[in-house]
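# Architecture at a glance
One-letter residues, chain by chain:
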Amino acid sequence: MIKILAACGAGINSSHQIKTAIEEEMKKRGYTIKVDAVVIKDITEEMMNQYDIFTPISKTKFGFDIKIPVVEAGPILYRIPAMAAPVFNELESVIKKIDK
Amino acid sequence: MKAIKSLFDKNLIFIKNVQEKREIFTLIGNLLHERGMVKEEFTKSIIERENNYPTGLDLSPVAKDIPNVAIPHTEPEFCLCKCIVLVKLLKPVLFQNMIAPDKEIDVKYLFFIINNQKGNQTNILSELMGFFTTAENMKKLEQLDNKEEIYQFLTNKNIEIKGVQ
């Protein structure tokens, strides 16, 4: 099971939409994943280390180095398949690498 | 959109003329606080949050001739109710792009998401996105210049929404 961390500024709107969209699409593509949605400022290095992939809306800086793969998921928010597809494809290729 | 129609209110639709985003945040924040809908710290919080995590949405990927929107919102702890406040600006102001914060875009419509509940069932943002990314809806908003018409349009049961996720 791949664990994904989604995050946004308030932790209620964007990250939840990204969580739902990723879970639906990856299930369709045949992967077992779990996405948690949190507030960016609540993320610690310890928390990040418990996940396999980080999916923020856009490039996000922390006071520590991110050791897991990062996939910027903002375009998913538009609910336009053509915009979301590259994000889902990138995510899938990262999942495949981890799954090996 | 159907799921969030009840979140719109005739008294929470505004047509305003401001110079910059801070001005509209202060104006709307004070007004909502006076009506007991948000806490006093809401204004400070929403300004700070917009600086750190911008909410401007570039709609040019949807269509070239429609205005951009922003979805300002902050943590549930600063909100005392659940609603959507719509502000139509007479002239656009600059916002940073949510998915590319180093880029600035002109924004003409603000949909403030006021929500005091964590982990809400209806994804308000997702519903709004369906509305924004249907170009006809944004074009229609451009034609409406009074609050009553805008309210009728937003809550019309025949409103067109793309059915894609």
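Please refer to the structure placed before this passage.
Now for a description of the structure that goes with this document.

Each value, and the rule that gives it
- Residues numbered from 1 in each chain as written.
- Chains lettered and ligands numbered in written order.
- Predicted model: local features only at pLDDT ≥ 70, side-chain atom pairs only at ≥ 80, totals over all residues.
- Heavy atoms only, no water.
- Helix = DSSP H or I, 4+ residues; strand = E, 2+ residues; numbered from the N terminus.
- Rg over C-alpha atoms; globule rule 2.2 N^0.38 Å.
- Buried < 20%, exposed > 50% of the residue type's maximum accessible area, 1.4 Å probe, protein only.
- Contact = heavy atoms within 4.5 Å.
- Areas by Shrake-Rupley, 256 points an atom, 1.4 Å probe, with all protein chains shown as cover.
- Lys, Arg positive; Asp, Glu negative; His and termini not counted.
- Salt bridge = Lys/Arg side-chain N within 4 Å of Asp/Glu carboxyl O.
- Polar contact = N/O pair within 3.5 Å; in protein donor to acceptor, adjacent residues only side chain to side chain.
- Phe/Tyr/Trp six-rings, centres within 6.5 Å; stacked < 30°, edge-to-face > 60°.
- Pairing = 2+ DSSP bridges.
- Axes fitted to C-alpha atoms, helices over the stretch in contact; angles between N-to-C directions.
- Expected span 1.5 Å × (residues − 1).
- Arc of directions from axis to C-beta.

Check the secondary structure of chain B and you find five helices and five strands. The globule rule puts the C-alpha radius of gyration for 165 residues at 15 Å, and the 15 Å found for chain B is close to it. Expressed as lengths along the three principal axes of its C-alpha atoms, the size of chain B is roughly 35 × 35 × 30 Å. Out of the 165 residues belonging to chain B, those deemed buried represent 55%. Residue pairs at least 24 apart in sequence account for 71% of intrachain contacts in chain B once pairs closer than 6 positions are excluded. Carbon and sulfur atoms make up 44% of the accessible area of chain B, which amounts to about 7,600 Å² in all.

As a further point, take the side chain of Arg-79 of chain A. Its location among the elements puts Arg-79 of chain A in the loop between strand S3 (53-56) and helix H3 (81-99). Of the side chains bearing the opposite charge, Glu-127 of chain B lies closest to the buried Arg-79 of chain A, which forms no salt bridge; the N-O distance is 5.2 Å. Reaching out from Arg-79 of chain A, the side chain makes a polar contact with the backbone oxygen of Ser-126 of chain B at a distance of 2.5 Å.

By the definition in use, this model includes eight aromatic pairs over all chains. Centroid distance Phe-62 of chain A to Phe-64 of chain A: 5.1 Å. Interplanar angle 25°. Geometry classified as stacked. Phe-64 of chain A sits in the buried class, given a relative accessible area of 16%. Geometrically, the ring pair formed by Phe-131 of chain B and Phe-132 of chain B is edge-to-face, given 6.2 Å between the ring centres and 70° between the ring planes. Here Phe-131 of chain B falls in the buried class, since its relative accessible area comes to 0%. The exposure class assigned to Phe-132 of chain B is buried, which follows from its relative accessible area of 0%.

Residue and element names in this part refer to chain A. In space, the three strands of this open sheet follow the order S2-S1-S3, with parallel pairing throughout. With partners counted over all chains shown, the strands left at the sheet margins are strand S2 (33-39) and S3, one partner each. Sheet twist, expressed as the mean angle between neighbouring strand axes with direction ignored, is 25°. Two elements, strand S1 (residues 2-8) and S3, share four bridges in a ladder whose sense is parallel. Looking across to S3, one finds that Leu-5 is bridged to Phe-54. Most of the contacts of helix H1 (residues 14-28) go to S2, to which it runs at about 175°, and overall it touches S1, S2 and S3.

Now for helix H1 (residues 21-34) of chain B. Residues and elements named next belong to chain B. Taking 1.5 Å of rise per residue, the 14 residues of H1 would be expected to cover 20 Å, and the 20 Å separating its terminal C-alpha atoms lies within 8% of that figure. Within the span of H1, buried status applies to Lys-21, Ile-24, Phe-25, Ile-28, Gly-29, Leu-31 and Leu-32. Axial view of H1: buried residues confined to an arc of 165°, hence all on one face. Tucked into the core, H1 has its buried residues touching strand S1 (13-16), helix H2 (42-52), strand S4 (83-97) and strand S5 (100-114).

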